[in-house]
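# Breakdown of the fold
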Amino acid sequence: MIIGVVGLGTMGLGIAQVFAAAGYKVLATDAVEAARATAPTRLRAALDPRVAKGALSQDALEATLSNLHIVPTPQDLSPAALIIEAILETLPAKQALFTSLEACIAPQTILATNTSSLSVAAIAQGLKHPERVLGLHFFNPAPAMKLVELVAHAGTNAAALTLAGTLTQTAGKTVIPCPDRPGFIVNRCARPFYGEALALLEEGRTPSDIDSSMLAAGYKIGPLSLIDLIGADINLAATQGLQTALNHPRYHVFDALKAQVAAGHLGRKSGQGFLLPAQPGPPPPDAAVIALRIEATLANEAAWLLAEGGVSAEGIDQALKLGLNLPRGPFEITAQHTADKITATLAELGSKAPAHLKSRYLQPA
Ligand SMILES: NC(=O)c1ccc[n+]([C@@H]2O[C@H](COP(=O)([O-])OP(=O)(O)OC[C@H]3O[C@@H](n4cnc5c(N)ncnc54)[C@H](O)[C@@H]3O)[C@@H](O)[C@H]2O)c1
């Protein structure tokens, strides 16, 4: 089967690489001529270091490159069974692309969006065949990150979902079905990892205390160091997006994060972050209390998402381990500490929280 990709930026080129490396013929395009012209050389430059390290053979590199066919327009993707868009993150741009594609593709051709923040249903709205539209949410960098969230809107056709999921799985990814809800699984369930750390920071704990507590609990990186790595501005935008969409104190935008962005302390890209250029020191005496607090809120957000339907506890656990590199998923956290301990921790946090944050800690019925 042939795969189509529209948009040859960070994500599109990575997604094209994933399918080309798995042996699929990939037809790919971009609105910008320079992006099309440079795509093969950018792909070669991405793969050359792997050949130099001995992680990839020169033959495999050449095979991947020979599977990538750059074409001038989206209309040239019509032979594809699955077309994935990774263009500008705006609703009008994605709707216009899919509308123009519908004019030249077969009715059963699947249209997948790699959107992070838009509703898949909204993108499908107004199309002749909205049932063929679904989300395939790859993570950055797409070739390295195993996880893909497979997003169905209420009208997505089951056969389209199965085929898109199977094609993505055979390209080496772990595909987790999830509902068309803001933030899907990972971007939503990750919020308390950062949010509770920011709450602790505003209560006077040091970044080192917070992050070292999580390192002591087996996490590979602390929440504030992760904000430093990804960028405080990116984290702020993601949190604001969730807060706008879901409007609940569980997605509260903490002043400590806003101040960090206003000061230009964005983390790795600016050289100064919550911790950067420093590293966390030794864990404080109450490290286990700090870690339990953050883990209880992770478990709670996942419980809310599960209660809304369209996803399994195992799927949420796997998604967070792959997408956020957590050592254990939220439901494994609950099993480890016991549900009673999580409930008691949340109740205590709620009783001590300021009025505007109390409902952060409420559990689903
Ligand atoms: N960057 C990430 O970490 C990440 C992760 C997951 C999902 N996403 C999503 O993937 C999509 C692409 O993000 P990106 O970071 O690769 O962006 P990017 O800016 O690196 O690349 C976008 C590419 O799309 C092209 N383009 C824009 N409008 C187009 C159109 N109408 N037709 C054809 N080509 C067009 C641009 O020329 C550009 O080359 C967005 O929807 C984004 O939300 C991004």
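None of these values were measured; they are calculated from a predicted model.

Not every one of the 19 residues close to the ligand is listed here, only the nearest: Met11, Asp30, Glu89, Lys94 and Ser116. Taking Asp30, its side chain carries an N or O atom lying 2.6 Å from an oxygen atom of the ligand. Ala31 places a polar main-chain atom, nitrogen or oxygen, 3.0 Å from a nitrogen atom of the ligand. If the ligand stood free it would expose 840 Å²; the protein chains cover 70% of that surface.

Our focus in this paragraph is the pairing of strand β2 (residues 25–29). Within β2, four of the five residues are buried, which leaves it mostly tucked inside the rest of the structure. The parallel pair strand β1 (residues 2–6) and β2 is bridged by helix α1 (residues 10–21), and the resulting crossover is right-handed. Where β2 meets strand β3 (residues 68–70), three bridges bridge the pair, whose relative direction is parallel. By the bridge assignment, Leu27 is partnered in β3 with His69.

For strand β6 (residues 133–138), the buried fraction is high: six of the six residues fall into the buried class. Along β6, one buried face is formed by Val133, Gly135 and His137 and the opposite face, lined by Leu134, Leu136 and Phe138, is buried too. Summarising the sheet, strand β5 (residues 110–113) and β6 pair through three bridges and their orientation is parallel. Paired with Leu111 across the bridge in β6 is Val133. Pairing geometry for β6 and strand β7 (residues 147–152), over four bridges, is antiparallel. Within the sheet, the bridge partner assigned to His137 lies in β7 and is Glu149.

A few words on the packing of aromatic side chains. In this description, a pair of aromatic rings is defined by centroid distance and the angle of the planes. Across all of its chains, the model carries four aromatic pairs by this definition. With centroids separated by 5.8 Å and ring planes inclined at 70°, the aromatic side chains of Phe19 and Tyr24 adopt a geometry described as edge-to-face. Here the two residues Phe19 and Tyr24 agree in accessibility, since each one is buried. With 5.9 Å between their ring centres and 65° between their planes, Phe193 and Tyr194 make a pair best called edge-to-face. Neither Phe193 nor Tyr194 differs from the other in exposure class; each is buried. Among the aromatic side chains, those forming a connected cluster through ring pairs are Phe19, Tyr24 and Phe138.

As far as domains go, the protein holds domain 1 (2–180) and domain 2 (187–361). In this complex, domain 1 contributes 10 residues to the contact, which on the side of domain 2 involves 10 residues. When domain 1 packs against domain 2, close to 770 Å² is buried across both sides, 69% of that on carbon and sulfur atoms. Per-residue buried area on domain 1 facing domain 2 is highest for Leu147, Ile176 and Pro179; these three make up 49% of the total on that side. At the boundary of domain 1 with domain 2, the tally comes to zero residue pairs in polar contact (both at pLDDT 80 or more). Looking at the side of domain 1 that touches domain 2, its residues break down into six nonpolar, three polar and one charged.

A few words on the packing of helix α9 (residues 207–216) against helix α10 (residues 223–230). When two helices pack together, their arrangement is captured by the angle between the axes and the distance separating the axes. Here α9 crosses α10 at 100°, and the two axes come no closer than 7 Å. In terms of orientation, α9 and α10 fall into the roughly perpendicular class. Contact residues: α9 offers Pro207, Ile210, Asp211 and Met214, while α10 offers Pro223, Leu224 and Ser225. Each residue belonging to the contact of α9 with α10 can be placed in one class, and the counts come to five nonpolar, one polar and one charged.

Judged by nonpolar contacts, the single largest core of 70 residues is most densely connected at Ile185, Phe193, Leu198, Leu224 and Ile294. Looking at this core, the element that brings in the most residues is helix α13 (residues 287–308), giving nine residues. In this structure Phe193 touches Met214, Tyr219, Ile221, Gly222, Pro223, Leu226, Ile294, Leu298, Leu324 and Leu326, once residues within four positions along its chain are discounted.

Here we take up α9. Each α-helix turn comprises 3.6 residues. Residues three or four places apart therefore point the same way. α9 sits mainly inside the fold: seven of its 10 residues count as buried. Considered for burial, the residues of α9 that qualify are Pro207, Asp209, Ile210, Asp211, Ser212, Ser213 and Met214. Buried residues along α9 sit against α8 (191–202), α10 and α13. Backbone geometry just after α9 places Gly218 at a positive phi near 105°.

Residues Asn140 and Pro141 are joined by a peptide bond in cis, for which omega reads 0°. Of note, Pro141 is situated in the loop between β6 and β7. In this model, Leu276 is joined to Pro277 through a cis peptide bond whose omega is 5°. With respect to the element layout, Pro277 can be found in the loop between α12 (255–262) and α13. The backbone of Asn247 sits at a positive phi, close to 45°, despite the residue not being glycine. By the element assignment, Asn247 lies in the loop between α11 (232–246) and α12. What makes Asn247 exposed here is its relative accessible area of 63%.

About the thresholds
- All residue numbers here refer to positions counted from 1 along the written sequence of the relevant chain.
- Totals for whole chains, interfaces and linings use all residues, but because this is a predicted model, local features are given only for residues with pLDDT of at least 70 and pairs of side-chain atoms are given and counted only at 80 or more.
- To obtain the side-chain values, all non-hydrogen atoms of the structure were included, while hydrogens and water were left out.
- Throughout, the term near means that a residue has one or more heavy atoms lying within 4 Å of the molecule or strand in question.
- Any pair of nitrogen or oxygen atoms within 3.5 Å is treated as a polar contact; in protein, a donor-acceptor pairing is required on top of that, and neighbouring residues in sequence qualify only through side-chain atoms on both sides.
- Methods summary: accessible areas were calculated by the Shrake-Rupley approach with a probe of 1.4 Å, and residue burial reflects only the protein chains presented.
- Burial status follows relative accessibility: with a 1.4 Å probe on protein chains alone, a residue under 20% of its type maximum counts as buried, one over 50% as exposed, and anything between as partly exposed.
- Put simply, DSSP H or I for four residues or longer makes a helix, DSSP E for two residues or longer makes a strand, and each gets a number counted from the N terminus.
- Consider the strands pointing away from the viewer: the crossover is right-handed when the path from the first strand over the helix to the second runs clockwise.
- The criterion for strand pairing is that DSSP finds at least two bridges linking the strands in question.
- We call Phe, Tyr and Trp rings a pair once their centres come within 6.5 Å, taking the six-membered ring for Trp, and we label the pair stacked below 30 degrees between planes, edge-to-face above 60, and tilted otherwise.
- All domain edges in this entry derive from an automatic or database-based domain assignment.
- Any two residues whose heavy atoms approach within 4.5 Å are treated as being in contact.
- By buried area we mean the combined loss of accessible area, with a 1.4 Å probe, across both parts when two parts are placed together.
- Think of it as three bins: nonpolar holds Ala, Val, Leu, Ile, Met, Phe, Trp, Tyr, Cys and Pro, charged holds Asp, Glu, Lys and Arg, and polar takes everything else, Gly as well.
- Throughout, an axis means a line fitted to C-alpha atoms (over the contacting stretch in the case of helices), and angles, computed between N-to-C directions, take values from 0 to 180 degrees.
- With respect to orientation, any angle under 35 degrees is reported as roughly parallel, any angle over 145 as roughly antiparallel, any angle of 65 to 115 as roughly perpendicular, and every other angle as oblique.
- The definition of a nonpolar core used throughout is a set of buried Ala, Val, Leu, Ile, Met, Phe, Trp, Tyr and Cys residues joined through side-chain atoms within 4.5 Å.

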